[in-house]
Amino acid sequence: MSDVTNEWLGEPGDGERPDPVRAARGHAKPALPRRFYQEAGFVEGPDGFRLTLDGRPANTPARNPLSLPTRALAEKVAAEWAAQDTVIDPARMPLTRLANTSIDGVAPRHAAVVEDLCAYAGTDLLAYRAGDPERLVSAQAASWDPILDWARETFGARVILSEGVMHVEQPPDTVRALSEAVAAVESPFRLAGLHTLTTLTGSLLIALAVLRGRLSPAEAWDAAHVDETYQAAIWGRDAEAEARLAIRRTEFEAAAELIASV
């Protein structure tokens, strides 16, 4: 059996365990492995819906069962595997990679991931405003102020604003309230999605708004890129920058889809 087949099939604990962080990111090998299965599906079990490849239960790169908590997510992950061509391309499997991260990386270190997210409570993107030009100032206020109002009403979090990039200390009660909102996310899948949304936007508030259904993924993406939209309107769009942004948006939308599916 090939190395890649052994990586995805077999019982948990068989053979040497790969590095879960490296493997879960989907970049463990520079060469794309060949597709080694004909059909992708899933079976329901006591721990959820486990991905199957040619009827055999599949594992994560760290040899944990690749079990999804809902049928909806299992259908989407299986569809990613079914859509692969002659090779398995992780770039075309964002939900699978997030599922691997949830199982291999987040579940065993839940507290550390929560702590990492809580750090954003004191440095949220929405707290740092432009002083000029007026067009950008107005665009930030129009997009961000309603999110701050929602956070105050929902969590009791009052965010202090700063002009420019100078750090502003947020009230302890605000940091505590947002940290409690993060700590309340028990599902490793939802926590992985929240972490991805936060790190891609630099805003825990935007990520929580998606998690709680206050913002759609499209609204959240637009809110996180007010500055880029303004710059593009003034100076035009750069093809390379747009390509990089498109990759990040795919990851962002997958994280939002993951949250909505569990």
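Note that the structure is a prediction, hence the values are computed from the model and not measured.

Colleague: Would you take a moment to explain the overall build of the chain for this structure?
Modeller: Within the chain, the secondary structure is distributed over twelve helices and six strands. Of all 262 residues assigned to the chain, the portion counted as buried reaches 45%.

Colleague: What exactly am I supposed to notice about the packing of helix H4 (residues 94-106) against helix H12 (residues 239-261) here?
Modeller: Two numbers describe a pair of packed helices, the interaxial angle and the distance between the axes. Where H4 contacts H12, the two axes come as close as 9 Å, and the packing angle between them is 60°. With respect to the hand of their crossing, H4 and H12 are arranged in right-handed fashion. For the pair H4 and H12, contact is made by Pro 94, Leu 95, Arg 97, Leu 98 and Ser 102 and by Thr 250, Glu 251, Ala 254, Ala 255, Glu 257 and Leu 258, respectively. Residues that form the contact of H4 with H12 fall into these classes: six nonpolar, two polar and three charged.

Colleague: Could you clarify how one ought to interpret the confidence of the model for the chain in this entry?
Modeller: Detailed reading of the predicted coordinates is not advisable wherever pLDDT is low. On average, the chain scores 91 in pLDDT, and the residues at 70 or more come to 89%. Segment residues 11-23 is flagged for pLDDT under 50; beyond a separation of four residues in sequence, or across chains, it makes 21 contacts in the model.

Colleague: It is not clear to me how the pattern of salt bridges should be interpreted in this structure. Could you clarify?
Modeller: It is possible for side chains of opposite charge to pair when their charged atoms get near one another. By the definition in use, this model includes nine salt bridges. With a closest N to O distance of 3.4 Å, Asp 85 and Arg 92 form a salt bridge. Between Asp 173 and Arg 176 there is a salt bridge, with its nearest N and O atoms 2.6 Å apart. Here Arg 176 and Asp 173 lie together in helix H7 (residues 172-183), a separation of three residues that amounts to about one turn. Accessibility expressed as a relative area gives 53% for Asp 173, which makes it exposed.

Colleague: When you look at the pairing of strand S2 (residues 48-53) in this model, what are you seeing that I'm missing?
Modeller: Successive side chains on a regular strand alternate, one facing one side of the sheet and the next facing the other. In terms of burial, S2 is a largely internal element, six of the six residues being buried. The turn joining strand S1 (residues 40-45) and S2, which pair antiparallel and follow one another in sequence, is formed by two residues. As paired strands, S2 and strand S4 (residues 67-68) are joined by two bridges and run antiparallel to one another. Bridge pairing links Arg 50 to Ser 67 in S4. In terms of strand pairing, S2 meets strand S3 (residues 56-57) through two bridges, oriented antiparallel. In the strand pairing of S3, Leu 53 is matched with Arg 56. Here S2 folds back onto S3 in antiparallel fashion, the turn holding two residues, of which Asp 54 has a positive phi close to 55°.

Colleague: For this particular structure, what's the right way to read unusual backbone geometry?
Modeller: Leave glycine aside and you will find that most residues have negative phi; peptide bonds, for their part, are mostly trans. Across the junction of Asp 132 and Pro 133, the peptide omega takes the value -5°, indicating a cis bond. Counting through the fold element by element, Pro 133 comes out in the loop between strand S5 (128-129) and helix H6 (134-155). Notably, Asp 54 is not glycine yet its phi reads approximately 55°, a positive angle. For Asp 54, the position within the fold is in the loop between S2 and S3. The phi angle at Arg 63 is positive, at roughly 70°, despite the residue not being glycine. Relative to the helices and strands, Arg 63 resides in the loop between S3 and S4. A relative accessible area of 10% means that Arg 63 is categorised as buried.

Colleague: Can you help me understand the packing of aromatic side chains in this one?
Modeller: How two aromatic rings sit relative to each other is given by the distance of their centres and the angle of their planes. The final tally for this structure, using the stated rule, is five aromatic pairs. Ring pairing ties together the aromatic residues Phe 36, Tyr 37 and Trp 81, which thus form one cluster.

Colleague: Explanation requested: the nonpolar core in the structure shown.
Modeller: Generally speaking, a soluble globular protein has its nonpolar side chains buried in company with each other. Counting residues in hydrophobic clusters, the biggest one holds 70 residues, and the most contacted among them are Phe 155, Leu 191, Leu 194 and Leu 208. Element by element, the count of residues in this core is highest for helix H9 (residues 204-211), at eight residues. Not counting residues up to four positions away in its chain, the partners in contact with Phe 155 are Trp 150, Ala 177, Leu 178, Ala 181, Leu 208 and Arg 212.

About the criteria used
- Residues numbered from 1 in each chain as written.
- Predicted model: local features only at pLDDT ≥ 70, side-chain atom pairs only at ≥ 80, totals over all residues.
- Heavy atoms only, no water.
- Helix = DSSP H or I, 4+ residues; strand = E, 2+ residues; numbered from the N terminus.
- Buried < 20%, exposed > 50% of the residue type's maximum accessible area, 1.4 Å probe, protein only.
- Axes fitted to C-alpha atoms, helices over the stretch in contact; angles between N-to-C directions.
- Left-handed = near helix turned anticlockwise from the far one by under 90°.
- Contact = heavy atoms within 4.5 Å.
- Nonpolar A, V, L, I, M, F, W, Y, C, P; charged D, E, K, R; others polar.
- pLDDT = per-residue confidence, 0-100.
- Salt bridge = Lys/Arg side-chain N within 4 Å of Asp/Glu carboxyl O.
- Pairing = 2+ DSSP bridges.
- Phe/Tyr/Trp six-rings, centres within 6.5 Å; stacked < 30°, edge-to-face > 60°.
- Core = buried A, V, L, I, M, F, W, Y, C linked by side-chain atoms within 4.5 Å.

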